[in-house]
Amino acid sequence: MSGVTKQFLDTVASDNITFNLYAGEICALLGENGAGKTTLMNILFGYYACDEGQIFIKGEKVNLSAPKDAITRGVGMIHQHFALVPSQTVLENIIVGTGSGKGIFLDLKSARRDIVALQKRFGLQVDPDAQIWTLSVGEQQKVEILKALYREVDILIMDEPTAVLAPAETNELFKTLRSLVKEGHTVVFISHKLNEVMDISDRNVVLRSGRVVAERKAAETNSRELANLMVGRELLENIEKKNIDAGRPVLEIENLSALNDKDLKALHDLNFVVRRHEILGMAGISGNGQRELAEILFGLRYPAAGIVKISGSPLKFGTPTSAIGLKMGRIPEDRIDTGLMMDLSVEENLILENHTSSRFQRYGLMKSKMIHRYSDELIAAYAIKTADREVVTKSLSGGNLQQVMLARELAGRPAMVVAAQPTRGLDVGAMEYIHQRILQERERGAGILLI
């Protein structure tokens, strides 16, 4: 990619970038959220057209006007935010657009056989007949990887592929990538997990504000240098965590049981308490009940049995309004489908949960000046990178989407915060910031369930 420039309105996402890939290597593309990594790769995948610059694949100048052009040239991309059809099965999602079969008829039997072979070869087990909407985020990630492998790509772009994978699953993925590289394939690995980057990459390219600022061979650098290059400053060695005694209970869960989307038992007689000034960490491989627990607490799912109390008051199941009314801050793992309304403005998302309050409304009319001032204060306080408060939310980077959600949930000084994967897909600087914010909430007196 030579002299590639891409601009969105007043924002220059790619600024005269020259980026090279070589056969048989894993190149890590690094940078803060909003640095231009995904935009650059979307240009290589044909999703965006560059305003200036040229692209050469295997020495030949190419015009990639759509993803199908890139796939034809052997370029595949696994997006950070999945490109799957929720109502269709795993098998159908993998073969869509491939022309699998003869004439107008799909050859599902052959496709299934090929997909099962890929699963066995790369250790990516997922039920081919399961509908996408019933799968956990981790399982959906596996489908995306299988979808790319099924297309036999030469260049595989992976945008945050390990964000929701367990360590064992990540190790299996890395075995897959190393075997691909041995066969002459090329992998672009976008990640903010720098320990993984150091483990898997041969070469590292760092972007900042749409420009290439550094390039390092993996053997000649370390994760700390890469982190500092990404953010342009020295990161904190450790985040200070004050010793504070836990207070009264703010979340009490008694004998909670629930079924998952396949009507299998996800939670069974779950009991625990979260107190003021306390962070309770909950760990586990994706698909072991964490999602169901979060959805019950957020008002998105009914349990089979059990009681949940917030600050001593019972939570009314199946209604998010109850959770909001009991001052629960809710940070779901899927910020796009569950956390935010992507077609609304940043300002509208910031007041989404309390827009009917007397603070922002009088006699059914919105207090525009108050709302504008409130939104501007949150954008500044939470370092949300946006041209202004009226920008459509879906135009923001993943890290800034998380900042919008965090600002909305924490601005109301919640008594209880449920944070599911709050740093998923975020760069080291954003992770540092969110960890500091969570610790500030703990010091203030909130109880925090950190999944």
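Residues numbered from 1 in each chain as written. Predicted model: local features only at pLDDT ≥ 70, side-chain atom pairs only at ≥ 80, totals over all residues. Heavy atoms only, no water.

Colleague: Hey, could you run me through the packing of aromatic side chains in this one?
Modeller: Aromatic rings considered in pairs are described by the distance between their centres and by the relative angle of their planes. For the structure on display, the rule yields four aromatic pairs. Seen from their ring centres, F8 and Y48 are 5.2 Å apart, and the 70° between their planes marks the pair as edge-to-face. Here Y48 lies in the loop between α1 (37-44) and β4 (52-57) and F8 lies in strand β1 (residues 2-8), a separation of 40 residues in the sequence. Taking the relative accessible area as the measure of exposure, F8 reaches 32% and is therefore partly exposed. A relative accessible area of 27% means that Y48 is categorised as partly exposed. Site record: aromatic cluster; members linked through ring pairs are F8, Y47 and Y48. In this arrangement the basic side chain of R437 is found over the ring face of Y382, its NZ or CZ atom lying 3.9 Å from the centre. (Phe/Tyr/Trp six-rings, centres within 6.5 Å; stacked < 30°, edge-to-face > 60°. Helix = DSSP H or I, 4+ residues; strand = E, 2+ residues; numbered from the N terminus. Buried < 20%, exposed > 50% of the residue type's maximum accessible area, 1.4 Å probe, protein only. Lys NZ or Arg CZ within 6 Å of the ring centre and 35° of its normal.)

Colleague: Explain the environment of A227 to me, please; I cannot follow it from the model alone.
Modeller: Locating A227 in the fold gives a position in helix α8 (residues 223-231). Spatially, the C-alpha atoms of A227 and V206 are 9.5 Å apart, while their sequence positions differ by 21 residues.

Colleague: I'm lost on the environment of N204 in this one. Help?
Modeller: On the secondary structure map, N204 appears in strand β11 (residues 203-208). Take N204: its relative accessible area is 0%, and that puts it in the buried class. In this structure, N204 is in contact with A28, L30, V197, A214, E215, R216, K217, A218, T221 and L226, ignoring residues within four places of it in sequence. Within the structure, the side chain of N204 is placed 3.0 Å from the side chain of S201, a separation counted as a polar contact. (Contact = heavy atoms within 4.5 Å. Polar contact = N/O pair within 3.5 Å; in protein donor to acceptor, adjacent residues only side chain to side chain.)

Colleague: Just to check I follow, could you spell out the pattern of salt bridges for this structure?
Modeller: Here the idea is simple: oppositely charged side chains can pair when their charged atoms come close. Summed over all chains, the structure comprises 23 salt bridges. For K242, the salt bridge goes to E443, with nearest N and O atoms at 3.8 Å. Here K242 is found in the loop between α8 and β13 (249-259), whereas its partner E443 is found in helix α15 (residues 428-444), with 201 residues between them in sequence. E353 is paired through a salt bridge with R408; the nearest N and O atoms lie 4.0 Å apart. Within this pair, whereas E353 is found in the loop between α12 (346-350) and β19 (361-362), its partner R408 is found in helix α14 (residues 398-411), the two being separated by 55 residues in sequence. Owing to a relative accessible area of 8%, R408 belongs among the buried residues under this scheme. One connected set of salt bridges, linked through shared partners, spans D261, R291, E295 and R301. (Salt bridge = Lys/Arg side-chain N within 4 Å of Asp/Glu carboxyl O.)

Colleague: Honestly, the sheet that holds strand β3 (residues 26-30) in this entry has me stumped. Any pointers?
Modeller: Strands pair in a sheet through their backbones, by hydrogen bonds, and they do so in one of two ways: parallel or antiparallel. Taken in spatial order, the six strands of this open sheet run β6-β9-β10-β3-β11-β12, and their pairing is mixed. Two strands close off the open sheet at either side, each with one partner strand: β6 (75-78) and β12 (211-217). Geometrically, the sheet is characterised by an average inter-axis angle of 20° between neighbouring strands, direction not taken into account. One ladder, built from four bridges, connects β3 with β11; its direction is parallel. (Pairing = 2+ DSSP bridges. Axes fitted to C-alpha atoms, helices over the stretch in contact; angles between N-to-C directions.)

Colleague: Please explain the pairing of strand β22 (residues 447-450) as it appears in this structure.
Modeller: With four bridges connecting them, strand β15 (residues 278-281) and β22 associate as parallel partners. Paired with I279 across the bridge in β22 is I448. Relative to β22, strand β21 (residues 416-419) is paired through four bridges, and the arrangement is parallel. Residue pairing in the sheet places V418 in a bridge with L449 of β22.

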